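Here is how the chains run, residue by residue.
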Amino acid sequence: MEKEKIDKKDHILDVAEKIFAEFGYDGASTRAISGEAGVNMAMLNYYFGSKEGVFLAIFERRIAMFQQVLAEIGNDTSKSAWEKLDKYIESYVEKVVNNNCFHIMLHREISKTKKSELTDRITAIVMKNVKVFQGIIADGVKSGEFNPDIDQELLVATLFGTKNYIINTPHISSVVLGYDVLDSQAQDELLKPRLKKYLKNLLKAYLQNSHDNHK
């Protein structure tokens, strides 16, 4: 019975994620979600309470485990800053080049110019991942592994902005890169390896001290 309940909740969230990605938070409705998911409104409200509850449940499901993975990378004292950065990029690319509906949904809401309690809550959730990256960079500068003469804030914009361009403007990025960035096979065979290599080389060139021979 418990497994059936979890499966039903996951099904509702899968449907809701697609609807939020297509119509945005304001354009989506619990009635549309329940109808597309094939459940009644009473069940949806029982599981999630409200449209905002459904929306935040999607974020918790997609981000919670990933945040734990990134936090473990950042807190691993046995690894150098370079090793942490390498693992962060590997994990980050593997995660963000999937779940396209979720990332479209995320970008749509946090790009709004008008702040709300919901956008503040979303920002707080996303910033946990950003802060792990910031911590790795700050530790690398402090330890002398990374060049101290860097702009740490714009480095964040470089990493996450590259992802946003590729994932959130797929019609443009597909033409630029030469293949469909939404195609799962192209993602696994072409985009992920290419993006990992690019980000690692880019950050290495920017972060490396002139006297450092790190490979």
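Nothing here was measured: the structure is a model prediction, and the numbers come from that model.

On to the layout of surface pockets, then. A volume near 380 Å³ is recorded for the largest pocket. Together, 21 residues line the largest pocket, and L106, V126, V130, F160 and K163 are the ones closest to its centre. Contributing elements (two or more residues each) for the lining of the largest pocket: helix 4 (51–75), helix 5 (81–96), helix 6 (100–110), helix 7 (117–143) and helix 8 (152–168). Its residues assigned to classes, the lining of the largest pocket comprises 12 nonpolar, six polar and three charged. In this structure, the second largest pocket spans a volume of roughly 150 Å³. In this structure, the second largest pocket is lined by T162, Y165, I166, L177, L191, R194, L195 and Y198. Considering every element that reaches the lining of the second largest pocket, the biggest residue donor is helix 10 (residues 184–207), with four residues. Here the residues of the lining of the second largest pocket sort into six nonpolar, one polar and one charged.

A few words now on the environment of I122. With respect to the helices and strands, the residue I122 is situated in helix 7. Classification of I122 by relative accessible area gives buried; the value is 0%. Measuring from C-alpha to C-alpha, the distance between I122 and V96 comes to 16 Å, with 26 residues separating the pair along the chain. Every residue in contact with I122, bar those within four places of it in the chain, is listed here: F55, F59, L106, E109 and I110.

Once that is clear, we can look at the nonpolar core. Within the largest apolar cluster, 35 residues are counted, with the highest numbers of intra-cluster contacts made by L85, Y88, F133, I137, F146, F160 and L207. Elements supplying a minimum of two residues to this core: helix 4, helix 5, helix 7, helix 8 and helix 10. Take this core: its biggest share by element is eight residues, from helix 5. Once residues lying within four places of it in the same chain are set aside, the contact partners of Y88 are L70, I73, N129, V130, V132, F133, I136, L159 and F160. In this structure, V15, V39, Y47 and F55 belong to the second largest nonpolar core, which totals 27 residues.

The domain architecture assigned to the protein consists of domain 1 (1–49) and domain 2 (52–208). Between the C-alpha centres of domain 1 and domain 2 there is a distance of 27 Å. Between domain 1 and domain 2, the residue contacts involve 16 residues of the former and 16 residues of the latter. Counting the surface lost from both domain 1 and domain 2, the interface buries some 1,400 Å², and carbon and sulfur atoms represent 64% of this.

Rules used in this analysis
Residues numbered from 1 in each chain as written. Predicted model: local features only at pLDDT ≥ 70, side-chain atom pairs only at ≥ 80, totals over all residues. Heavy atoms only, no water. 1 Å grid on protein atoms, 1.4 Å probe; cavity = no way out; pocket = protein on both sides within 12 Å on 5 of 7 lines; lining within 4 Å. Points joined across faces, edges and corners; volume = space filled by probe spheres on them. Helix = DSSP H or I, 4+ residues; strand = E, 2+ residues; numbered from the N terminus. Nonpolar A, V, L, I, M, F, W, Y, C, P; charged D, E, K, R; others polar. Buried < 20%, exposed > 50% of the residue type's maximum accessible area, 1.4 Å probe, protein only. Contact = heavy atoms within 4.5 Å. Core = buried A, V, L, I, M, F, W, Y, C linked by side-chain atoms within 4.5 Å. Domains from an automatic or database assignment. Buried area = accessible area lost by both parts, 1.4 Å probe.

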